[in-house]
Amino acid sequence: TALQRDAPALWRAVFERYEALDFGGALGAVWSWVSALNQRIVEFSPWEKWKDPAQHPAIQDFLYRLLEGLRLVATLLWPAMPRASARIYGMLGLTEEPGQNDLAWGRLEPGVPLGELKHLFPRAQAKERAVADDAADKAGPPPAETTQAAVPPVPDRIDISDFARVELRVARVTAAERIAGSKKLLKLQVDLGSESRQLVAGIAETYAPEDLVGRQVVVVANLKPAKLMGVESNGMVLAASVDGRAVLCGFDQDVPAGAKVK
């Protein structure tokens, strides 16, 4: 699989950054892997395939690869975030600390019972957090983990040629409706000037469908199609995240549909 093929390049890149004391860069590479796992879940859509009993073996194989990917994430996190790494190992039913041999793909033994599943970074009230922080201080937590947990890792800078691969276009919303069973997703029909597209956007908690019709948005036009909640999306609408709310990108004057954003 692609995950297995890409795993050696990932851990080599992560440990090169560790050795250069670039912890933010190392964790940024790990988070990119986590994003890839999330994307594969969306693309595979096991909740849809489960309706067909003939797909169950493929789903089981997929879930094994997903958990093995998470095990590799925990292994790579160990030098900077040992407590978080240990929690992931515990949820995967693993009891030993990660070692160098655990960088190899396929170390997760089929049939091992999972441990208790819990939030990796649970929310806490201020008093509870103070108590936890005090206990962690007494235990002598590694400073790298404390720093990285508080400050999001800085992503690697990209070359202009990398950015040029992303095709951003202006689109005008022609229709919008909620997706049954989802609080966050809207199905949009948009005009890209030369064609119409169907997109799925996680903006339903901020925008009512009827308020979006006629509005201009910025779309990533060259994304591969993906299914979300069983609805195909041919692109992605750009929005900022402000206190958990999606805020759409816009313009201070009318722009023709299909115009390139660069």
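Figured I'd write up the structure that's included with this text. Everything quoted here is computed from the prediction, not taken from an experiment. Residue positions are given per chain, counted from 1 along the sequence in the order it is written. Only residues with pLDDT of at least 70 are given local features in this predicted model, and only at 80 or more are side-chain atom pairs given and counted; all residues enter the totals for whole chains, interfaces and linings. The basis for the side-chain values is all heavy atoms of the structure; hydrogens and waters are excluded.

Quick notes on the pattern of salt bridges
Opposite charge on two side chains makes pairing possible when the charged atoms of those side chains draw close.
Here's step 1: What makes a salt bridge here is a side-chain nitrogen of Lys or Arg within 4 Å of a carboxyl oxygen of Asp or Glu, nothing more. Evaluation of the coordinates by the stated rule reveals 9 salt bridges.
Here's step 2: A salt bridge links D6 to R5; the shortest N-O distance between them is 3.0 Å.
Here's step 3: Relative accessible area decides the class of each residue, using a 1.4 Å probe on protein chains only: under 20% of the type maximum gives buried, over 50% gives exposed, and in between gives partly exposed. Taking the relative accessible area as the measure of exposure, D6 reaches 31% and is therefore partly exposed.
Here's step 4: R5 gets classed as exposed once you look at its relative accessible area, which sits at 60%.

Description of the packing of aromatic side chains
Here's step 1: Centre distance within 6.5 Å is the pairing criterion for rings of Phe, Tyr and Trp, where only the six-membered ring of Trp is used; planes under 30 degrees apart are then read as stacked, over 60 as edge-to-face, and the remainder as tilted. Counted under the stated rule, the structure contains 3 aromatic pairs.
Here's step 2: Pairing F15 with Y18 gives two aromatic rings, centres 5.4 Å apart and planes at 75°, and the pair type is edge-to-face. With a gap of 3 residues between them, F15 and Y18 both fall in helix α1 (residues 2–19), about one helical turn apart.
Here's step 3: A relative accessible area of 25% places F15 in the partly exposed class.
Here's step 4: On the accessibility criterion, Y18 (8% relative accessible area) is buried.
Here's step 5: Ring centres of F44 and F62 lie 4.2 Å apart, and the angle between their planes is 10°; on these two criteria the pair is classed as stacked. Here F62 lies in helix α4 (residues 56–77) and F44 lies in helix α2 (residues 23–44), a separation of 18 residues in the sequence.
Here's step 6: Comment: the charge-over-ring label is applied if NZ (Lys) or CZ (Arg) is within 6 Å of the ring centre and within 35 degrees of the ring normal. The side chain of R12 reaches across the aromatic face of W11, ending 5.1 Å from its centre. Note on conventions: DSSP H or I runs of at least 4 residues are helices, E runs of at least 2 residues are strands, and numbering of each starts at the N terminus.

Observations regarding the side chain of R197
Here's step 1: Mapping R197 onto the fold places it in strand β3 (residues 196–201).
Here's step 2: Here a polar contact means two N or O atoms within 3.5 Å. Within protein one must be a hydrogen donor candidate and the other an acceptor candidate, and residues neighboring in sequence count only if both atoms are side-chain atoms. Only 3.0 Å separates the side chain of R197 from the backbone oxygen of A221, close enough to count as a polar contact.
Here's step 3: By definition, residues are in contact when any of their heavy atoms lie within 4.5 Å. Setting aside residues up to four positions removed in sequence, R197 forms contacts with L188, Q189, V190, L192, A221 and N234.

Examining a nonpolar patch on the surface
Here's step 1: Here a patch means residues that are over 30% exposed by relative accessible area and free of salt bridges, tied together within 9 Å if like-charged and within 5 Å if nonpolar (Val, Leu, Ile, Met, Phe, Trp, Tyr). The method behind every accessible area is Shrake-Rupley, applied with a 1.4 Å probe, and residues are considered shielded solely by the protein chains displayed. Taken together, the side chains of I158, I160 and F163 present a nonpolar region at the surface, about 330 Å² in accessible area.
Here's step 2: Tracing the backbone shows I160 in helix α8 (residues 160–164).

A few points about unusual backbone geometry
Here's step 1: Although it is not a glycine, S45 adopts a positive phi angle of roughly 50°.
Here's step 2: Residue placement: S45 occurs in the loop between α2 and α3 (46–49).
Here's step 3: Among the residues examined, S45 registers a relative accessible area of 5% and is labelled buried.
Here's step 4: Here M229, not a glycine, exhibits a phi torsion of approximately 55°, which is positive.

What about the pairing of β3?
Here's step 1: Sheet analysis places strand β2 (residues 186–191) next to β3, joined by 6 bridges and oriented antiparallel. Within β3, the residue paired with Q189 across the bridge is Q198.
Here's step 2: By this definition, two strands are paired if DSSP reports at least two bridges between them. Between β2 and the antiparallel strand that follows it, β3, lie 4 residues; G193 among them carries a positive phi value of about 90°.

Concerning the side chain of R71
Here's step 1: You can see R71 is positioned in helix α4.
Here's step 2: Engagement of the side chain of R71 in a polar contact is seen with the backbone oxygen of A104, the distance being 2.9 Å.
Here's step 3: With residues near it in sequence (within four places) discarded, R71 still touches Y89, L92, L94, D102, A104, W105, G106, R107 and L108.

Observations regarding the packing of α1 against α4
Here's step 1: Interaxial distance between α1 and α4 falls to 11 Å at its minimum, and their mutual angle equals 10°. Here α4 runs roughly parallel to α1, going by the angle between their axes. Two secondary-structure elements touch here, α1 through L3, A7, L10, W11, V14, F15 and Y18 and α4 through R65, L72, L76 and L77.
Here's step 2: Ten residue types, Ala, Val, Leu, Ile, Met, Phe, Trp, Tyr, Cys and Pro, are classed as nonpolar, four, Asp, Glu, Lys and Arg, as charged, and the remainder, Gly among them, as polar. Partitioning the contact of α1 with α4 into residue classes produces 10 nonpolar, no polar and 1 charged. The convention used is that axes are lines fitted to C-alpha atoms, helices contributing only their stretch in contact, and that angles between N-to-C directions extend from 0 to 180 degrees. An angle below 35 degrees is treated as roughly parallel, one above 145 as roughly antiparallel, one from 65 to 115 as roughly perpendicular, and anything else as oblique.

Any link to function would need more than the numbers given here.
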